[in-house]
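# Observations on the model geometry
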Amino acid sequence: MTEAIAEPLTRTKAVRQQAVLELRQSLTLAKVAELLGLSVGRVDQIAKGK
């Protein structure tokens, strides 16, 4: 993967993880998942940086 593509993807992943972690401060995994239209498992993965 070229750096021109890799860097924006890395930044996107970090922003997505930070957003989920911020939501998790006041909401349950289930509520965050519902809000984002994702499964609970996927929200948990994002929070863990996967």
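Residues numbered from 1 in each chain as written. Predicted model: local features only at pLDDT ≥ 70, side-chain atom pairs only at ≥ 80, totals over all residues. Heavy atoms only, no water.

### Some remarks on the overall build of the protein chain
Looking only at helices and strands, the protein chain has three helices and zero strands in total. Each helix (α) and strand (β) of the protein chain, taken in turn from the N terminus, gives the series α-α-α. Projected onto its principal axes, the C-alpha coordinates of the protein chain cover approximately 35 × 20 × 15 Å. Relative to its full complement of 50 residues, the protein chain shows a buried share of 12%. Carbon and sulfur atoms make up 58% of the accessible area of the protein chain, which amounts to about 3,800 Å² in all. Looking at the protein chain, you have 8 positive and 5 negative side-chain charges, and the mean spots of the two groups are 7 Å apart. (Helix = DSSP H or I, 4+ residues; strand = E, 2+ residues; numbered from the N terminus. Buried < 20%, exposed > 50% of the residue type's maximum accessible area, 1.4 Å probe, protein only. Areas by Shrake-Rupley, 256 points an atom, 1.4 Å probe, with all protein chains shown as cover. Lys, Arg positive; Asp, Glu negative; His and termini not counted. Charge placed at Lys NZ, Arg CZ, Asp CG, Glu CD.)

### A few points about the nonpolar core
Counting residues in each nonpolar core, the largest one holds six residues, listed as Val20, Val32, Ala33, Val43, Ile46 and Ala47. Mapped onto this core, the elements with two or more residues apiece are helix H2 (29-36) and helix H3 (40-47). If you tally residues by element for this core, the top one is H3, at three residues. (Core = buried A, V, L, I, M, F, W, Y, C linked by side-chain atoms within 4.5 Å.)

### Describing the pattern of salt bridges
As a working rule, side chains carrying opposite charge can pair if their charged atoms are close by. Following the criterion strictly, the structure yields two salt bridges and no others. Asp44 is the partner of Lys48 in a salt bridge, and the nearest nitrogen-oxygen pair spans 3.0 Å. Here Asp44 falls in the partly exposed class, since its relative accessible area comes to 26%. (Salt bridge = Lys/Arg side-chain N within 4 Å of Asp/Glu carboxyl O.)

### Overview of the packing of helix H1 (residues 3-24) against H2
It is the contact of H1 with H2, at a shortest axis distance of 9 Å, that shows an interaxial angle of 130°. It follows that H1 is oblique to H2 by the angle criterion. The crossing of H1 and H2 is right-handed. Residues Val20, Leu23 and Arg24 of H1 pack against Leu29, Val32, Leu35 and Leu36 of H2. (Axes fitted to C-alpha atoms, helices over the stretch in contact; angles between N-to-C directions. Parallel < 35°, antiparallel > 145°, perpendicular 65-115°, else oblique. Left-handed = near helix turned anticlockwise from the far one by under 90°. Contact = heavy atoms within 4.5 Å.)

### Quick word on the packing of H1 against H3
Their axes nearest at 8 Å, the elements H1 and H3 cross at an angle of 110°. Classed by the angle they form, the pair H1 and H3 counts as roughly perpendicular. Between H1 and H3 the crossing geometry is left-handed. From H1, Arg16, Gln17, Val20 and Leu21 reach across to H3, where they touch Arg42, Val43, Ile46 and Ala47. In terms of residue class, the contact of H1 with H3 is made up of five nonpolar, one polar and two charged. (Nonpolar A, V, L, I, M, F, W, Y, C, P; charged D, E, K, R; others polar.)

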